[in-house]
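Observations on the model geometry
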Amino acid sequence: MSDLGSEEVEEEAENDLGEYEGERNEAGERHGHGKARLPNGDTYEGQYANGKRSGQGLYRFKNGARYTGEYFDNKKHGHGTFIYPDGSKYEGEWVEDQRHGNGVYYYVNGDTYTGEWFNHNRHGQGTYVFSLTGSKYVGTWVNGQQEGAAELIHLNHRYQGKFVNKNPTGPGKYIFDIGCEQHGEYIHALMQTKNKKRGSTKLPSDQSYEKQPIIEAFVLRESRITEVPSGFEVECCMDKGEEEEEEEALTSTAPKWKATKITELTLWAPEEPLPVKTPTVIIQEPLVIEESETPAGETPLETPAEAPAEAAEPTEVTSPPKEPEEEEEGAKEDQGDQ
């Protein structure tokens with residue numbers, strides 16, 4: 001939903017106009033806490049500094065809108081909440097009366113945008129949720145339009161790709177919850193159109209929301225891919241709610257999806273490194289022999305040497321047998337000795 005169709009009216013500069021009740025400084029300027037009723041019917045209650053709204057304050061417009069938040073030098077600056085006449089609401093950061101920084105916009109039809117803002121426009125990373133279908137666009141915005149890498153998430157499938165000028169373009173893929181992916185690309189064609197000029201009328205506030213970027217989709221049935229007729233706009237356009245004139249121009253038709261292949265889901269799981277095995281080191285403690293103390297004057301006993309495993313057995317010495325002649329001579333010698 002566009003936030004341009006529910007703009008707040010400009011706050012009236014005070015310059016000591018209207019009725020004021022509150023604190024003043026030595027120069028007589030509004031300074032400190034005070035209440036003011038401006039000539040246009042708006043009211044303000046909050047902090048002043050040197051005659052200007054500065055600090056926390058509540059500004060009520062005569063059309064029913066109101067702002068609660070921080071001021072600096074008569075401008076919304078800091079964090080604040082603005083409730084618009086149509087019931088939509090912005091809550092977030094402001095810089096010099098512009099939505100700037102991070103904030104959330106609650107649209108009157110139930111849509112929400114949460115993300116970054118720049119100079120009053122959705123700009124940067126943001127998420128737009130379509131309340132009617134529950135789909136959401138998560139990605140990049142440039143000057144209020146979907147542009148850049150993004151993901152369009154539906155109930156049972158999602159599309160990942162690139163958006164240019166609010167339309168999907170180039171390579172992308174559909175991811176289905178049943179467990180497969182369809183890869184392809186979006187191709188654009190140009191055609192000449194002639195549109196009637198429109199006057200400077202604003203769209204009603206309930207029509208100024210962001211149209212859901214419904215792009216040509218596919219469903220899987222019985223393991224077959226069937227193209228679903230696209231009976232809706234492919235443009236992710238948003239009604240600006242501002243003056244605009246249209247002339248003859250080359251416009252981009254609905255982008256056509258060209259499928260190339262179907263694959264299984266690409267799952268990613270971080271690889272855990274294998275545990276490093278550290279070698280176990282066995283430390284042997286040295287053997288300590290305790291020496292017993294011996295009394296003075298005594299010599300320590302020597303440990304006997306180890307005996308041989310087996311005692312040597314005595315061997316008998318035998319002389320070789322004598323010849324008969326030698327025996328006779330020996331007997332004669334014995335007789336001579338007698």
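In this text the structure is predicted, and so the values were computed from the model without any measurement. (Residues numbered from 1 in each chain as written. Predicted model: local features only at pLDDT ≥ 70, side-chain atom pairs only at ≥ 80, totals over all residues. Heavy atoms only, no water.)

Description of the overall build of the protein
Threshold: Secondary structure elements are defined from DSSP: runs of H or I of at least 4 residues count as helices, runs of E of at least 2 residues count as strands, and each element is numbered from the N terminus. With a 1.4 Å probe rolled over the protein chains alone, any residue whose accessible area is under 20% of its type maximum counts as buried; one over 50% counts as exposed, and the rest are partly exposed. Contacts are residue-level and defined by heavy atoms, with any inter-residue pair within 4.5 Å sufficient. Per-residue and other accessible areas follow the Shrake-Rupley method at a 1.4 Å probe size, with only the shown protein chains counted as cover for residues.
Of the regular secondary structure elements, the protein holds one helix and 20 strands. When the 338 residues of the protein are sorted by exposure, 31% land in the buried category. Expressed as a percentage of contacts within the protein between residues at least 6 apart in sequence, the contacts between residues at least 24 apart total 34%. Accessible area for the protein stands at about 23400 Å²; split by element, carbon and sulfur atoms hold 50% of it.

Concerning unusual backbone geometry
Notably, Asp73 is not glycine yet its phi reads approximately 60°, a positive angle. Mapped onto the secondary structure, Asp73 falls in the loop between β5 (66–72) and β6 (75–83). Even without glycine at this site, Asp97 takes up a positive phi of about 70°. Following the sequence through the fold, Asp97 ends up in the loop between β7 (89–95) and β8 (98–106). For Asp97, a relative accessible area of 24% gives the class partly exposed.

Quick notes on the pairing of strand β3 (residues 43–49)
The line we're drawing: By this definition, two strands are paired if DSSP reports at least two bridges between them.
The sheet contact formed by strand β2 (residues 30–37) and β3 spans six bridges and is antiparallel. Across the sheet, residue Arg37 finds its bridge partner in β3, namely Thr43. Here β2 hands over to β3 after five residues, with Gly41 in that stretch at a positive phi of 100°. Bridge analysis of β3 against strand β4 (residues 52–60) gives six bridges, and the strand direction is antiparallel. Looking at β4, one finds that Thr43 is bridged to Arg60. If you look at the hairpin formed by β3 and β4, you'll find two residues sitting between the two strands, and Asn50 has a positive phi there, around 55°.

Structural notes on the confidence of the model for the protein
Condition: In predicted models, pLDDT denotes the confidence assigned by the predictor to each residue on a 0 to 100 scale.
Looking at the protein, pLDDT values average 74 and 55% of them are 70 or higher. The low-confidence segment residues 197–208 (pLDDT under 50) makes 21 contacts with residues lying over four places distant or belonging to another chain. The model gives residues 214–250 a pLDDT under 50, and that stretch makes 95 contacts with residues more than four places away or in other chains.

So, the packing of aromatic side chains
Stated precisely, the cut-off is as follows: Note on aromatic contacts: the rings of Phe and Tyr and the six-membered ring of Trp form a pair at centre separations within 6.5 Å, being stacked when their planes are under 30 degrees apart, edge-to-face when over 60 apart, and tilted otherwise.
Across all of its chains, the model carries 31 aromatic pairs by this definition. Considering the side-chain rings of Tyr90 and Tyr105, the 6.4 Å spacing of their centres and the 45° angle between planes classify their relative orientation as tilted. One end of the pair, Tyr90, is in strand β7; the other, Tyr105, is in strand β8, and 15 residues separate them in sequence. Tyr105 carries the same exposure label as Tyr90, and that label is buried.

Here we look at the pattern of salt bridges
The cut-off we apply is this: For salt bridges, the criterion is a side-chain nitrogen of Lys or Arg within 4 Å of an Asp or Glu carboxyl oxygen.
Per the stated rule, a full pass over the model turns up four salt bridges. Among the ionic pairs, Lys76 bridges to Asp97, the shortest N-O distance being 3.2 Å. With Lys76 in strand β6 and Asp97 in the loop between β7 and β8, the pair connects residues that are 21 residues apart, well separated along the chain.

What about the pairing of strand β10 (residues 121–129)?
Within a regular strand, side chains alternate between the sheet's two faces. Sheet topology note: the strand β9 (residues 112–118)/β10 ladder contains six bridges and is antiparallel. Bridge pairing links Thr112 to Val129 in β10. If you look at the hairpin formed by β9 and β10, you'll find two residues sitting between the two strands, and Asn119 has a positive phi there, around 50°. As judged from the six bridges shared by β10 and strand β11 (residues 136–142), these two strands associate in the antiparallel manner. By the bridge assignment for β11, Gly126 is matched with Gly139. Here β10 hands over to β11 after six residues, with Gly134 in that stretch at a positive phi of 85°.

What to know about the environment of Gln182
Going by this rule: Here a polar contact is taken to be a pair of N or O atoms separated by no more than 3.5 Å, where protein atoms must pair a possible hydrogen donor with a possible acceptor and residues adjacent in sequence count only if both atoms sit in side chains.
Along the chain, Gln182 turns up in strand β15 (residues 180–187). With relative accessibility at 3%, the residue Gln182 sits in the buried group. Between the C-alpha atom of Gln182 and that of Lys261, which follows or precedes it by 79 residues, the distance is 5.9 Å. A distance of 2.9 Å separates polar atoms of two side chains, one belonging to Gln182 and the other to Trp257.

Some details on the environment of Asp73
On the basis of relative accessibility, which here comes to 38%, the residue Asp73 falls in the partly exposed class. The residues contacting Asp73, other than those within four sequence positions of it, are Lys52, Arg53 and Ser54. Side-chain polar atoms of Asp73 contact the side chain of Lys52, separated by 2.9 Å.

Comments concerning the environment of Trp94
Mapped onto the secondary structure, Trp94 falls in strand β7. Judged by relative accessible area, which is 2%, Trp94 ranks as buried. Remark: the alpha-carbon pair of Trp94 and Gly80, spanning 14 residues in sequence, is separated by 7.0 Å. Within the structure, Trp94 has its side chain in polar contact with the backbone oxygen of Gly80 (distance 3.3 Å).

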